[in-house]
Each structure stands twice: as C-alpha cells, then as structure tokens.
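Fold and geometry: a report
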Amino acid sequence: MVKIATPISHLFRNKEYAKLIMKHSDCLECRDDSFGSRLLKQELFHCELQPIHKLTESNFEYLKDIKNNKLGLKLLTFHMASSCGKPYIKNGVFKEGGRQYSEEEALKNAGINFRRIRSIFNQGVRFAVENTNYYPTGAYKYITDATFISRVVKENKIDFVFDIAHARITVQNKGINFEKYKNSLPLDNAIQIHLSSFKARPDKLAFDAHDYPKPEEFAEAKRLISDGNLNYLTVEYYKNLRCLIRSLKLLRGLI
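This brings us to the sheet that holds strand 1 (residues 3–7). Ordered in space as 1-2-3-4-7-8-9-12, the 8 strands form a closed barrel in which the pairing is parallel. The sheet shows a mean angle of 25 degrees between the axes of neighbouring strands, taken without regard to direction. Here 3 bridges tie strand 1 to strand 2 (residues 27–31), and the two strands are oriented parallel to one another. Following the sheet pairing, alanine 5 is matched in strand 2 by cysteine 27. Across the sheet, helix 3 (residues 103–120) lies against strand 4 (75–78) and strand 7 (126–130), angled at about 145 degrees from strand 7, the strand it touches most.

In structure tokens, the structure reads:
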C-alpha cells in the first residue's frame, strides 16, 4: 500500500494546521530541523548527512540519536548533494569547497558508511538515497549521473528516493532528455517520490523552488505508482496550507 508521508514543516507550529495536514496524510516525515517533534506516525526521517562523504563519529552519534528518539522509524533517507567535502552556498547553489572526492572514493565511502549505518538500526528500518539537482559548478561532479546513483543504490542494496523536480532541474541544466535520464535512474528500487515544481532564472538556469506540484508531477507519480513498488509519496511544498491540502487530496485520488 502506498502511503502519503508529509514532512513536518513550519506549518505544523499551528496546531489546527497540523491536525488538518495529518488528517490528509498517512504518516509523517521528520527532518533535521524538526528532530524534537513528538508528533505520532513519524515513519520516515530525511537526513542531510551525505553517506558518499567520510562521516565522523559525531555523525554516527547523531544517527544513534535518531534511532533512540524515532521509535516508529521505517525509512531513513539521505542526501547526495555534493561531490566535495565542504561546499559553500552562493546564490542558492553549492560552490566547490573542501576536499573533492573522486567517484570511486565516494562509492567506497558509501559502502563503509552503509555497513556501519546498518549496524546501528533495527532490521525493520530501510535506507535510501535521493537524486539531487545539477548546477554547473565544481560541487556537482558526477553525483547527478544516473550511473553513479544506480551504483550507490545497487552496490549497497538500498532503496531510492526519486525527486521529480530534482530530475527536471538536472536535465534542463545539463541540456539532456528527461525520459532518457529518468529511465536510467534506479526506479526499480524507488521507495518514495518527492513532488514539487521548480523555477528558472532569467538566464534559464533551473533551481529548486519547492513550488506547488504541477499536473506533470502528478502524472509522473501516477505512472510510477502503477509501474513500481513504491511505499511513500511526499509533497515538498510548504508555502500555503490550502495548496498543500489540495495536493494531498490529489495524491489520495492517485492512490
């Protein structure tokens, strides 16, 4: 059964908003900035740690805190947002900073890290990585390549989070075909879909705006529901309660 998993955002600070969002959701997704939430049905945790980097002991202690505080956890997902160790943000995108990992180093790091992550969590918890968006800076080398993403997923026997907007941003900024790129991703391992829409700057560079999902995002989700073994659908939209509820209702119709 596919579930609607809604992120715990600033909208949940209003108790009435929280009740309404939860009414139209099957479960919740906790994130780093909502770690302290004690709301029920927190089945997912979306963590900004990057397992393709070298993780520190404090990173693993944080993962232990997630395990100890999120007792109903079923899925832990991670970013793969940069190819360098200490990127910095300028004009909304990562710029190259710190050590630049080679592709093979990143794959090796993922293998080491996921073995240790598995040793921390109970057997019932699954793990996944999300595709990120490509920007033409030195911080995004190879990490949006479908082959690289597939290797991380397949070699570590984990699941995949398909972020539709990230894929559309990548193909626009790389000038490649969406269907060809999408079909090269490990969709057979997709456990969750993120839905939102992107925007483009005057120079036509696409960026992650987390805007209200457009009809093509819902159509894409519908195709993947029928084709795959998805567990979760997640709307990444936080700007307006009414629009969020409308999107959750549309997802319910797809399910």
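Moving on, there is more to tell.
For the rest of this paragraph, the subject is the side chain of asparagine 59. Inspection of the secondary structure puts asparagine 59 in helix 2 (residues 57–69). There is a polar contact of 2.8 Å between the side chain of asparagine 59 and the backbone nitrogen of threonine 56.

Further remarks concern the nonpolar core. Ranked by internal contacts, the top residues of the largest apolar core, which has 77 residues, are Leu63, Leu76, Phe78, Phe121, Phe127, Phe148 and Val152. Apart from residues no more than four positions distant in its own chain, leucine 76 is found in contact with Phe45, Cys47, Leu63, Ile66, Phe121, Val125, Arg126, Phe127 and Ala128. One finds Cys27, Leu44, Val161 and Ile191 within the second-largest nonpolar core, a separate group that totals 8 residues.

Attention shifts here to the environment of histidine 24. Its location among the elements puts histidine 24 in the loop between helix 1 (15–23) and strand 2. Residue histidine 24 is classed as buried on the basis of its relative accessible area of 17%. A C-alpha to C-alpha distance of 12 Å links histidine 24 and threonine 234, two positions 210 residues apart in sequence. With residues up to four places along the chain from it excluded, the contact list for histidine 24 reads Ile4, Ile245, Leu248, Lys249 and Arg252.

Cut-offs used in this document
Residues numbered from 1 in each chain as written. Predicted model: local features only at pLDDT ≥ 70, side-chain atom pairs only at ≥ 80, totals over all residues. Heavy atoms only, no water. Pairing = 2+ DSSP bridges. Helix = DSSP H or I, 4+ residues; strand = E, 2+ residues; numbered from the N terminus. Axes fitted to C-alpha atoms, helices over the stretch in contact; angles between N-to-C directions. Contact = heavy atoms within 4.5 Å. Polar contact = N/O pair within 3.5 Å; in protein donor to acceptor, adjacent residues only side chain to side chain. Core = buried A, V, L, I, M, F, W, Y, C linked by side-chain atoms within 4.5 Å. Buried < 20%, exposed > 50% of the residue type's maximum accessible area, 1.4 Å probe, protein only.

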